[in-house]
Amino acid sequence: MNYFFDHETDSVSFLLADFAEYDATEELAPGVVMYVDGRKRPLAIDVRPASKVLDTVGLVPMYERPITKDEVAMRLSSSVAGQSLLRVLNRRSDVLSSAPR
């Protein structure tokens, strides 16, 4: 899994799989969009405004970087909005437990 942090727009994208199979988007929460393939498997998740949902301290801006599912869960756990999103993600598609490290 990789992330891309754009500090200027306060957005974080978590890239879970190859985007070649992109089919649709699904809004998981206000400001949170999940991109899925034809079988509804998650490909990526965009979070805006990121700093209100997850801990962005230490994220390297403007370069795609690797991140573990455990770090994503830890960063989301830092806010009430992030905890809520984490529950939705795990209930919706088990994204963080099925994503490769």
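Further up the page is the structure itself.
Residues numbered from 1 in each chain as written. Predicted model: local features only at pLDDT ≥ 70, side-chain atom pairs only at ≥ 80, totals over all residues. Heavy atoms only, no water.

## A closer look at the environment of arginine 91
Argument step 1. Along the polypeptide, arginine 91 turns up in helix 2 (residues 80-92).
Argument step 2. Separated by 57 residues in the primary sequence, arginine 91 and methionine 34 have C-alpha atoms spaced 14 Å apart. (Helix = DSSP H or I, 4+ residues; strand = E, 2+ residues; numbered from the N terminus.)

## Here we look at the nonpolar core
Argument step 1. In terms of nonpolar packing, the biggest core is built from 24 residues, with Val12, Phe14, Val47, Leu76 and Leu85 touching the most fellow members.
Argument step 2. Contributions of two or more residues to this core are made by strand 1 (2-6), strand 2 (11-15), strand 3 (22-29), strand 4 (32-37), strand 5 (42-47), helix 1 (69-76) and helix 2.
Argument step 3. The biggest single contributor to this core is helix 2, with four residues.
Argument step 4. Ignoring anything within four residues of it in the chain, the contact list for valine 12 reads Tyr3, Phe4, Phe5, Ile45, Asp46, Val47, Ala50, Leu54, Thr56 and Leu59. (Core = buried A, V, L, I, M, F, W, Y, C linked by side-chain atoms within 4.5 Å. Buried < 20%, exposed > 50% of the residue type's maximum accessible area, 1.4 Å probe, protein only. Contact = heavy atoms within 4.5 Å.)

## Here's the deal with the side chain of aspartate 10
Argument step 1. Mapped onto the secondary structure, aspartate 10 falls in the loop between strand 1 and strand 2.
Argument step 2. Buried and unpaired, aspartate 10 has lysine 52 as its nearest opposite-charge partner, separated by 7.1 Å.
Argument step 3. Setting aside anything within four residues of it in sequence, one finds aspartate 10 in contact with Phe5, Val47, Arg48, Pro49, Ala50 and Ser51. (Lys, Arg positive; Asp, Glu negative; His and termini not counted. Salt bridge = Lys/Arg side-chain N within 4 Å of Asp/Glu carboxyl O.)

## Some words on the packing of aromatic side chains
Argument step 1. Counted according to the given criterion, the structure contains three aromatic pairs.
Argument step 2. When the ring of phenylalanine 19 is compared with that of tyrosine 22, the centres are 5.5 Å apart and the planes differ by 5 degrees; the resulting orientation is stacked.
Argument step 3. On the accessibility criterion, tyrosine 22 (38% relative accessible area) is partly exposed.
Argument step 4. Grouping aromatic residues by their ring pairs yields a cluster made of Phe19, Tyr22 and Tyr35. (Phe/Tyr/Trp six-rings, centres within 6.5 Å; stacked < 30°, edge-to-face > 60°.)

## Some words on the pattern of salt bridges
Argument step 1. Going through the model one piece at a time under the given rule, you end up with two salt bridges.
Argument step 2. Aspartate 37 is paired through a salt bridge with arginine 41; the nearest N and O atoms lie 2.7 Å apart.
Argument step 3. By relative accessible area, aspartate 37 is classed as buried at 4%.
Argument step 4. With its nearest N and O atoms 2.9 Å apart, the salt bridge here joins arginine 75 to glutamate 71. Taken together, the residues arginine 75 and glutamate 71, both in helix 1 and four residues apart, mark about one turn of the helix.
Argument step 5. Since its relative accessible area comes to 26%, glutamate 71 is described here as partly exposed.

## Remarks on the environment of glutamate 21
Argument step 1. Mapped onto the elements of the fold, glutamate 21 is located in the loop between strand 2 and strand 3.
Argument step 2. When its relative accessible area of 52% is taken as the criterion, glutamate 21 is described as exposed.
Argument step 3. Through-space distance from the C-alpha of glutamate 21 to that of serine 78 is 32 Å; in sequence the pair is 57 residues apart.
Argument step 4. Residue contacts for glutamate 21: discarding those within four places in its chain leaves Val36, Asp37, Gly38 and Leu43.

## Observations regarding unusual backbone geometry
Argument step 1. Geometrically, the link from arginine 48 to proline 49 is a cis peptide bond, its omega value of -10 degrees lying close to zero.
Argument step 2. Mapped onto the elements, proline 49 comes out in the loop between strand 5 and strand 6 (65-66).
Argument step 3. In this structure, lysine 40 is a non-glycine residue whose phi angle is positive, near 70 degrees.
Argument step 4. For lysine 40, the location among the structural elements is in the loop between strand 4 and strand 5.
Argument step 5. Its identity as a non-glycine residue notwithstanding, methionine 62 has a phi of 70 degrees, on the positive side.
Argument step 6. Judged by its relative accessible area of 37%, methionine 62 is partly exposed.

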